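Structural overview
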Amino acid sequence: MKIRIGLIGFGRMGQMYLKALQDSGKWEITYICDTNEASRELAHKLSPDSIVTADEQDIFNDDTVQAVGLFTLANSRPEQIARAVETRKHIIAEKPIADTIDREWEAVKLSEQGDCLSTVNLYLRNSWYHQAMKQFIDEGEIGELAIIRICHMTPGLAPGEGHEYEGPAFHDCGMHYIDIARWYADCEYKTWHAQGMRMWNYKDPWWVQCHGTFQNGVVFDITQGFVYGQLSKDQTHNAYTDIIGTKGIVRMTHDFKTATVELHGVNRTLRMEQPFGGKNLDRLCHLMADSIASGKRDPHLPCLRDSAIASQYAWTFLEDAAHNDLPAIGNLQTLDEIRERRKHMANGYGLLRPNKQQA
Ligand SMILES: NC(=O)c1ccc[n+]([C@@H]2O[C@H](COP(=O)([O-])OP(=O)(O)OC[C@H]3O[C@@H](n4cnc5c(N)ncnc54)[C@H](O)[C@@H]3O)[C@@H](O)[C@H]2O)c1
């Protein structure tokens, strides 16, 4: 029996989920809800058997719906989580799970009190490359885990283009890297020092680097910025994870199509190249469907608590950056030029509407 789900929010992510859910064969997409008319028209076209609505209450009121997908922006998520818990529906949520940290913890509390399953799209945890590197580390191949270095810089989402409730780039996108570093360290953050840059004289830093320690002594450095050559003729990006142990190293990089993992352990040297996998929604939808069907939560599913912790540290590190000089370079005119260029791009990094894009 397929699991009946209602999707709320049919923008960039909602459309990706529809495809993943359809492809999995395990879900019946009973409803699609979006307040935007153009999105509803697209929903009709892409999923003719679904009921398309502008009112999310239609989904919550339907007792035959077993699960909801919450893919609007962060400001509406806490009320939706509360309604899902109240009407006993399983939850697949986008991150962050709310627009303020207090509301995030409120949502965590509610979801943990309810008797339904909930998960959140911390997509890096579901990637083949992080799974492969973690396994190699757990096998002892690099000795003791010591240093975690993560960098993600692209000419992606510019300030003012959307996602305002999600916070500056280091929160909206950076919380993924804060989460995955914590996942590798298997420990909580202890100390930090963050440096930001208010590129183009924008009010918030759009590039932040934070380094520090975990409680077990593992050291991290995380660099995130959507400031990487926005006006260059041919755009590029720089994204890697570089993990150093007492005896060996593992690292990965990707070009959004292919991910390359290099494992240099004491016994084995391996190089793996596989499709990047995008947001890995196929795996998330698969794990969630199996968990709902069996009534047993798969331990690989990220929980809302993980998301709230990552979000809280992203805000904390941003706050720290605000106290460390936080210089501004450039001017708002350049930012206008960037927005104008992105408005007319059909294929670019982190475009919210067009179909072809990279993160
Ligand atoms: N996990 C990830 O890697 C990842 C990547 C990108 C985005 N996201 C998250 O996914 C969420 C959605 O992002 P997006 O890029 O798809 O944004 P988007 O703006 O493309 O889509 C949001 C959609 O929600 C609709 N909407 C807003 N309020 C609504 C409501 N009350 N009821 C019904 N529809 C409503 C909008 O009309 C829009 O179509 C964001 O919170 C973002 O942080 C996560």
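Fair warning: this is a prediction, and the values are worked out from it, not measured in the lab. Position numbers for residues start from 1 in each chain and track the written sequence from start to end. A pLDDT threshold of at least 70 governs which residues receive local features in this predicted model, and a stricter bar of 80 or more applies before side-chain atom pairs are shown or counted, although totals over entire chains, interfaces and linings include all residues.

1. Some details on the sheet that holds strand β11 (residues 238-245)
Ordered in space as β14-β13-β12-β11-β7-β10-β9-β8-β15, the nine strands form an open sheet in which the pairing is mixed. The open sheet has two free edges, formed respectively by β14 (269-275) and β15 (328-329), since each of these has just one partner strand. When DSSP locates at least two bridges between a pair of strands, those strands are taken to pair. Strands are runs of DSSP state E lasting at least 2 residues, helices are runs of H or I lasting at least 4, and numbering of each runs from the N terminus. When β11 meets strand β12 (residues 249-254), the two strands line up antiparallel, connected through five bridges. What sits directly across from Asp-242, in β12, is Arg-251. What counts as a contact here is a pair of residues whose C-beta atoms, placed from the backbone, lie within 7 Å. The convention used is that axes are lines fitted to C-alpha atoms, helices contributing only their stretch in contact, and that angles between N-to-C directions extend from 0 to 180 degrees. With respect to the sheet, helix α8 (residues 174-185) is in contact with β7 (145-153), β8 (189-199), β9 (207-214), β10 (219-225) and β11, its orientation differing from that of β7 by roughly 165 degrees. Where helix α10 (residues 304-322) meets the sheet, it contacts β8 and β9, and its direction lies at approximately 60 degrees from that of β8.

2. Examining the packing of helix α4 (residues 77-86) against helix α5 (residues 101-113)
Where α4 contacts α5, the two axes come as close as 10 Å, and the packing angle between them is 10 degrees. Comparing the axis directions of α4 and α5 gives the class roughly parallel. Residues Arg-77, Pro-78, Ile-81, Ala-82 and Val-85 of α4 form the contact with α5, whose own contacting residues are Arg-103, Glu-106, Ala-107, Leu-110 and Ser-111. Here the term charged refers only to Asp, Glu, Lys and Arg, the term nonpolar to Ala, Val, Leu, Ile, Met, Phe, Trp, Tyr, Cys and Pro, and the term polar to all other amino acids, Gly among them. Each residue belonging to the contact of α4 with α5 can be placed in one class, and the counts come to six nonpolar, one polar and three charged. Under this scheme an angle from 65 to 115 degrees is roughly perpendicular, one under 35 degrees roughly parallel, and one over 145 degrees roughly antiparallel; angles in between are oblique.

3. Structural notes on unusual backbone geometry
Cis geometry marks the peptide bond from Lys-95 to Pro-96, where omega comes out at -15 degrees. Tracing the backbone through its elements, the reader meets Pro-96 in the loop between β5 (90-93) and α5. You will see that Asn-201, though not glycine, has its phi angle at about 65 degrees, which is positive. Inspection of the secondary structure puts Asn-201 in the loop between β8 and β9. The exposure label follows from counting other C-beta atoms within 10 Å of a residue's C-beta, where the C-beta atoms are placed from the backbone and the thresholds are 20 or more for buried and 12 or fewer for exposed, leaving partly exposed in between. Classification of Asn-201 as partly exposed rests on a count of 14 C-beta atoms within 10 Å.

4. Here we look at the pairing of β12
Covered by surrounding structure in β12 are Val-250, Met-252 and His-254 only, the residues Ile-249, Arg-251 and Thr-253 on the alternate face being uncovered. Once β11 ends, the chain turns through three residues before running back antiparallel as β12. Relative to strand β13 (residues 258-264), β12 runs antiparallel, the two sharing six bridges. Paired with Val-250 across the two strands is Leu-263, which belongs to β13. Linking β12 back to β13 in an antiparallel pair, the connection comprises three residues, with Phe-256 at a positive phi of about 75 degrees.

5. Here's the deal with the domain arrangement of the protein chain
Residue ranges for the domains originate in an automatic or database domain assignment. If you check the domain split of the protein chain, you get domain 1 (3-116) and domain 2 (124-278 + 303-358). Using C-alpha coordinates to define each centre, domain 1 is positioned 27 Å away from domain 2. Taken residue by residue, the interface counts 16 residues in domain 1 and 13 residues in domain 2. A breakdown of the residues in the side of domain 1 that touches domain 2 according to their chemical character gives nine nonpolar, three polar and four charged.

6. Quick notes on the sheet that holds strand β3 (residues 51-53)
Ordered by their spatial adjacency, six strands build an open sheet running β3-β2-β1-β4-β5-β6, and the pairing between neighbours is parallel. Two strands in the sheet have a free side with no partner beyond their single neighbour: β3 and β6 (118-120). The mean angle between the axes of side-by-side strands here comes to 20 degrees, regardless of whether they run parallel or antiparallel. In this sheet, strand β2 (residues 27-33) lies alongside strand β1 (residues 3-8) in parallel orientation, the contact comprising six bridges. Each residue of the ladder has a partner; that of Leu-7, found in β2, is Ile-32.

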